[in-house]
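One letter stands for each residue in the lines below.
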Amino acid sequence: MLGTTDPSDITPTLRAVSHFAGLDDAALADVARFTVRRRFDAEEPVIWEGDPGAGLIVVEQGWLKVVKYGASGREQVLRVVGPGEVFNEVSVLTGSPNMATVLALEPARVVVLPRDRMLDLLANYPAISAVVLRNLAERLAQLVTLVEDLSLRTVEMRFARLLLERSAGGVLRRQRWTTQAEMASWLGTVPDVLNRVMRELVEGGLIEVERRAIRILDRPALAARAAGGGGAAPDPSPHSPPNST
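Residues numbered from 1 in each chain as written. Predicted model: local features only at pLDDT ≥ 70, side-chain atom pairs only at ≥ 80, totals over all residues. Heavy atoms only, no water.

Chemist: How should the nonpolar core be read in this particular structure?
Modeler: Grouped burial of nonpolar side chains is what soluble globular proteins tend to show. If you look at the biggest cluster of nonpolar residues, it comprises 28 residues, and the most contacted ones within it are Phe 159, Leu 163, Ile 207, Ile 214 and Leu 222. When residues of this core are traced back to their parent elements, those giving at least two are α6 (155-166), α7 (180-187), α8 (191-203), β12 (213-216) and α9 (219-226). Take this core: its biggest share by element is 6 residues, from α6. Excluding residues that lie within four positions of it along the chain, Ile 214 makes contacts with Phe 159, Leu 163, Gly 170, Val 171, Leu 172, Arg 174, Met 183, Met 198, Ile 207, Glu 208 and Val 209. Counting 20 residues, the second-largest nonpolar core is a separate cluster that includes Ala 27, Val 58, Met 118 and Leu 122. (Core = buried A, V, L, I, M, F, W, Y, C linked by side-chain atoms within 4.5 Å. Buried < 20%, exposed > 50% of the residue type's maximum accessible area, 1.4 Å probe, protein only. Helix = DSSP H or I, 4+ residues; strand = E, 2+ residues; numbered from the N terminus. Contact = heavy atoms within 4.5 Å.)

So, in structure tokens, the structure goes:
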């Protein structure tokens, strides 16, 4: 990880973020003076859960994943963030340690605004506070949905819904790092179970799997699977290896 500070170069990045959209040029330049740009290699940690809060972090380039680890080392992806997105608001507001680990999925660049400076902005610019509250509400809604998915839906239902929600024009484009193992972590399962689900959907004519994309061939049938209408068998425990029979 490398860190640099160049206010004039960082200002355009801040201007593109919704948090700072209401700031005039002078205020934005003042904010930029306190920020630090950091670069990370693929798989390098950006922050560790439990470490002191690093401040508000803006993704400038690349994709990162926010994860929690179980006692066994099992990984659950909470969200994936990309250019223009912001994270670590909770640590900024509460002064608590980082609540999750964030890893770079590919070479990435972020901009970090220290907590004390962000708190000054929240006190002086109500519009920024409103954006932060809206983002926190959206994150809470996503976490509630994640809990619901992991507790009440099978892997097939979760995977079908992921395809329906994240595809564009019936195609889910896969980044270089979107491996089966990575997708399994999003869905709270293991690669063997996900591979079985994908194979069944392919054999049923619902999807087509390519190297860099997954195509939806029968959207109504896939929507039925997402709703639990496909007669899928219960999933094995997410904390146990899948049945090999």
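Chemist: Explain the pattern of salt bridges to me, please; I cannot follow it from the model alone.
Modeler: When charged atoms on two side chains of opposite charge get close, those side chains can pair. In the structure shown here, the tally under the stated rule is 17 salt bridges. The closest approach of N and O atoms between Arg 37 and Asp 9, which form a salt bridge, is 2.9 Å. Linking Arg 37 in strand β2 (residues 36-40) with Asp 9 in helix α1 (residues 7-15), this pair joins segments that are 28 residues apart in sequence. We classify Arg 37 as buried; its relative accessible area is 4%. In this structure, Arg 117 and Asp 30 form a salt bridge, with 2.4 Å as the shortest nitrogen-oxygen distance. With a gap of 87 residues between them, Arg 117 in helix α4 (residues 115-124) and Asp 30 in helix α2 (residues 25-32) connect regions that are remote in the sequence. Assessed through its relative accessible area of 24%, Asp 30 is described here as partly exposed. Bridged by salt links that share partners, the residues Glu 148, Asp 149, Arg 153, Arg 161 and Glu 165 form one connected network. (Salt bridge = Lys/Arg side-chain N within 4 Å of Asp/Glu carboxyl O.)

Chemist: I would appreciate a short explanation of the environment of Gly 204 in the present structure.
Modeler: When you line up the elements, Gly 204 lands in the loop between α8 and β11 (207-209). Distance from Gly 204 to Asp 218, taken between C-alpha atoms, is 9.5 Å for residues 14 residues apart in sequence.

Chemist: I tried to follow the sheet that holds strand β3 (residues 45-47) on my own but got confused; where do I start?
Modeler: Each strand in a sheet pairs with its neighbour through backbone hydrogen bonds, running either in the same direction (parallel) or in the opposite one (antiparallel). Read across the open sheet, the 4 strands follow the order β3-β8-β5-β6; overall the sheet is antiparallel. This sheet does not close on itself; its edge strands, each paired only once, are β3 and β6 (75-81). Strand-to-strand twist in this sheet, taken as the mean axis angle between neighbours without regard to direction, amounts to 35°. By the bridge criterion, 2 bridges tie β3 to strand β8 (residues 101-104) in an arrangement that is antiparallel. Bridge pairing in β8 links Ile 47 to Val 102. Packing against the sheet, α7 makes contact with β5 (64-69) and β6, and its axis sits at approximately 95° to β6. (Pairing = 2+ DSSP bridges. Axes fitted to C-alpha atoms, helices over the stretch in contact; angles between N-to-C directions.)

Chemist: What am I meant to see in the packing of α6 against α9 here?
Modeler: Helix-helix packing is described using two parameters, namely the angle between the two axes and the distance between the axes. At their nearest, the axes of α6 and α9 sit 7 Å apart, and the two run at 135° to each other. With respect to their mutual orientation, α6 and α9 come out oblique. Classified by chirality, the crossing of α9 by α6 is left-handed. For the pair α6 and α9, the contacting residues are Glu 156, Met 157, Ala 160, Arg 161, Leu 163 and Leu 164 in the first and Arg 219, Leu 222, Ala 223, Arg 225 and Ala 226 in the second. (Parallel < 35°, antiparallel > 145°, perpendicular 65-115°, else oblique. Left-handed = near helix turned anticlockwise from the far one by under 90°.)

Chemist: Help me understand α8 in this model?
Modeler: For an α-helix the count is 3.6 residues per turn, leaving residues at separations of three or four pointing the same way. An ideal rise of 1.5 Å per residue puts 18 Å on 13 residues; α8 measures up with 18 Å between its terminal C-alpha atoms. Within α8, burial applies to Val 193, Leu 194, Val 197, Met 198 and Leu 201. Buried positions in α8, seen along its axis, are confined to an arc of 130° and lie on one side of it. Across from the buried face of α8, at angles greater than 90 degrees, the exposed residues are Asp 192 and Glu 203. Close packing links the buried residues of α8 with α6, α7, β11, β12 and α9. Following α8 by one or two positions, Gly 205 has its phi on the positive side, about 75°. (Expected span 1.5 Å × (residues − 1). Arc of directions from axis to C-beta.)

Chemist: I tried to follow helix α5 (residues 126-152) on my own but got confused; where do I start?
Modeler: The end-to-end C-alpha distance of α5, which contains 27 residues, comes to 39 Å, matching closely the 39 Å that a straight helix rising 1.5 Å per residue would cover. Within α5, the full set of buried residues consists of Ile 128, Val 131, Val 132, Asn 135, Arg 139, Leu 146 and Asp 149. Those residues of α5 hidden inside the fold are in contact with β6, α3 (89-94), α4 and α6.

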